[in-house]
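Listed here are the chains, written in short residue letters.
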Amino acid sequence: MQPPEIFHRAARRLRRDRIANRFAEANFLRQFMIEGLSERLDAVTREFNDVLDLGCFDAGLPLPGTRIVRADPGFAFARAAGGVQCDEDRLPFADGSFDLIVSAGTLDQVNDLPGALSLIRRALRPDGLFLAAFTGGATLATLRATLMEAEGDRPAARVHPQVKLQSAGDLLMRAGFALPVADAETLNVRYAGFGRLIEDLRGMAGTSLLVDRAPLSRAAFVEAATRFSERADDGGRVAEQYEVIYLTGWAPSSDQPKPARRGSATVSLAEALRPKRD
């Protein structure tokens, strides 16, 4: 059974194509993700040969590897990177094609995220590494609140549904990854006005891609801008947050560390915690 289509695939490609030539003006969030991924990758002491940059944008993610394949849902980004255009939940790569797959900033806009993670795991060789960063459920809390207030009793869904940190690790396990880790960092940005926030979202192709999206009326936009401004601090700026979830998982391999068998401990927890006597 196919999951419902939440995001409009054609609109997603079109939005990415529109911003391809000016993405550098609004890439601060992806740069934050890249820094976090690079730190995690630097901690891995092994070499990688075949690497996939999944959701490559402007190919600004520095990667190790002998052979690097770039892929993006948008045609313009994929063409500029000399890569492949594809959606993350419809990967064209054969099983075991890569020993490292990295994704920065796109998995929050995928219709079938569990399916995409399963395909990513299958595209990895045994003991291959998967690293990803994407926005999580605590993102744009101020924007969500102001839009709901502006539209009164009948607010429309305007901000993407997003994965919560507590669910992220479970998704990795369901997809068959070994040694799964999910953690999060928060990027706080102070905006001079509602319009500036919307400009940033447009510049990173982050505005609504919902299949059933409806245009925001001019009256509601003005009201949202007013409500947003009411939250300004003494410096006249409004704080907004972006929660970035990081995923780390390994393709299963026979020589990976295994958790201890249940009941194999030689010392009870109560005994281990008992204060030692002189």
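Here the structure is shown first, and the text comes after it.
The model shown is predicted, which means the values in this text are computed figures rather than measured ones. Every chain is numbered independently, its residues counted from 1 as its sequence is written. Whole-chain, interface and lining totals are the exception, using all residues; otherwise, since this is a predicted model, local features are given only for residues with pLDDT of at least 70 and side-chain atom pairs are given and counted only at 80 or more. With hydrogens and water excluded, all non-hydrogen atoms of the structure serve as input to the side-chain values.

### Some details on the side chain of Asp-50
Part 1 of the reasoning: Going along the chain from the N terminus, every DSSP run of H or I of four or more residues is numbered as a helix, and every run of E of two or more is numbered as a strand. Along the chain, Asp-50 falls in strand β1 (residues 50-54).
Part 2 of the reasoning: A simple rule labels every residue: compare its accessible area, found with a 1.4 Å probe on the protein chains alone, to the largest value its type can have, and call it buried under 20%, exposed over 50%, or partly exposed in between. On the basis of relative accessibility, which here comes to 11%, the residue Asp-50 falls in the buried class.
Part 3 of the reasoning: Contacts were defined at the residue level, with two residues in contact if any of their heavy atoms lie within 4.5 Å. Non-local contacts of Asp-50, meaning those with residues more than four positions away in its chain, are made with Arg-67, Ser-97, Phe-98, Asp-99, Leu-100 and Arg-125.

### A short note on the pattern of salt bridges
Opposite charge on two side chains lets them pair, provided their charged atoms get close.
Part 1 of the reasoning: The working definition used for a salt bridge is a side-chain nitrogen of Lys or Arg within 4 Å of a carboxyl oxygen of Asp or Glu. On inspection of all chains with the given rule, the structure shows 21 salt bridges.
Part 2 of the reasoning: For Arg-9, the salt bridge is made with Asp-87, and the minimal N-O distance between the two is 2.8 Å. Taken as a pair, Arg-9 in helix α1 (residues 9-19) and Asp-87 in the loop between β3 (84-85) and β4 (98-104) lie far apart in primary sequence, 78 residues in all.
Part 3 of the reasoning: Taking the relative accessible area as the measure of exposure, Asp-87 reaches 6% and is therefore buried.
Part 4 of the reasoning: Taken together, the salt bridges that share partners define one network made up of Glu-5, Arg-9, Arg-13, Asp-87 and Asp-89.

### Description of empty space enclosed by the protein
Part 1 of the reasoning: A pocket here means an open set of points on a 1 Å grid, computed over the protein atoms alone, that has protein on both sides within 12 Å along at least five of seven lines. A cavity is instead a set of points where a 1.4 Å probe fits but cannot get out; residues with an atom within 4 Å of a point line either one. Grid points are joined across faces, edges and corners, and a volume is the space filled by probe spheres set on the points. Within the structure shown, the criterion is met by two cavities of 30 Å³ or more.
Part 2 of the reasoning: Computed from the structure, the largest cavity encloses a volume of approximately 60 Å³.
Part 3 of the reasoning: What lines the largest cavity is Phe-7, His-8, Arg-9, Arg-12, Asp-87, Glu-88, Asp-89, Gln-109, Val-110 and Asn-111.
Part 4 of the reasoning: A per-class count over the lining of the largest cavity returns two nonpolar, three polar and five charged.
Part 5 of the reasoning: Counted as a void, the second largest cavity has a volume near 30 Å³.
Part 6 of the reasoning: Considered class by class, the residues forming the lining of the second largest cavity number seven nonpolar, one polar and no charged. Charged residues are taken to be Asp, Glu, Lys and Arg, nonpolar residues to be Ala, Val, Leu, Ile, Met, Phe, Trp, Tyr, Cys and Pro, and polar residues to be all remaining types, Gly included.

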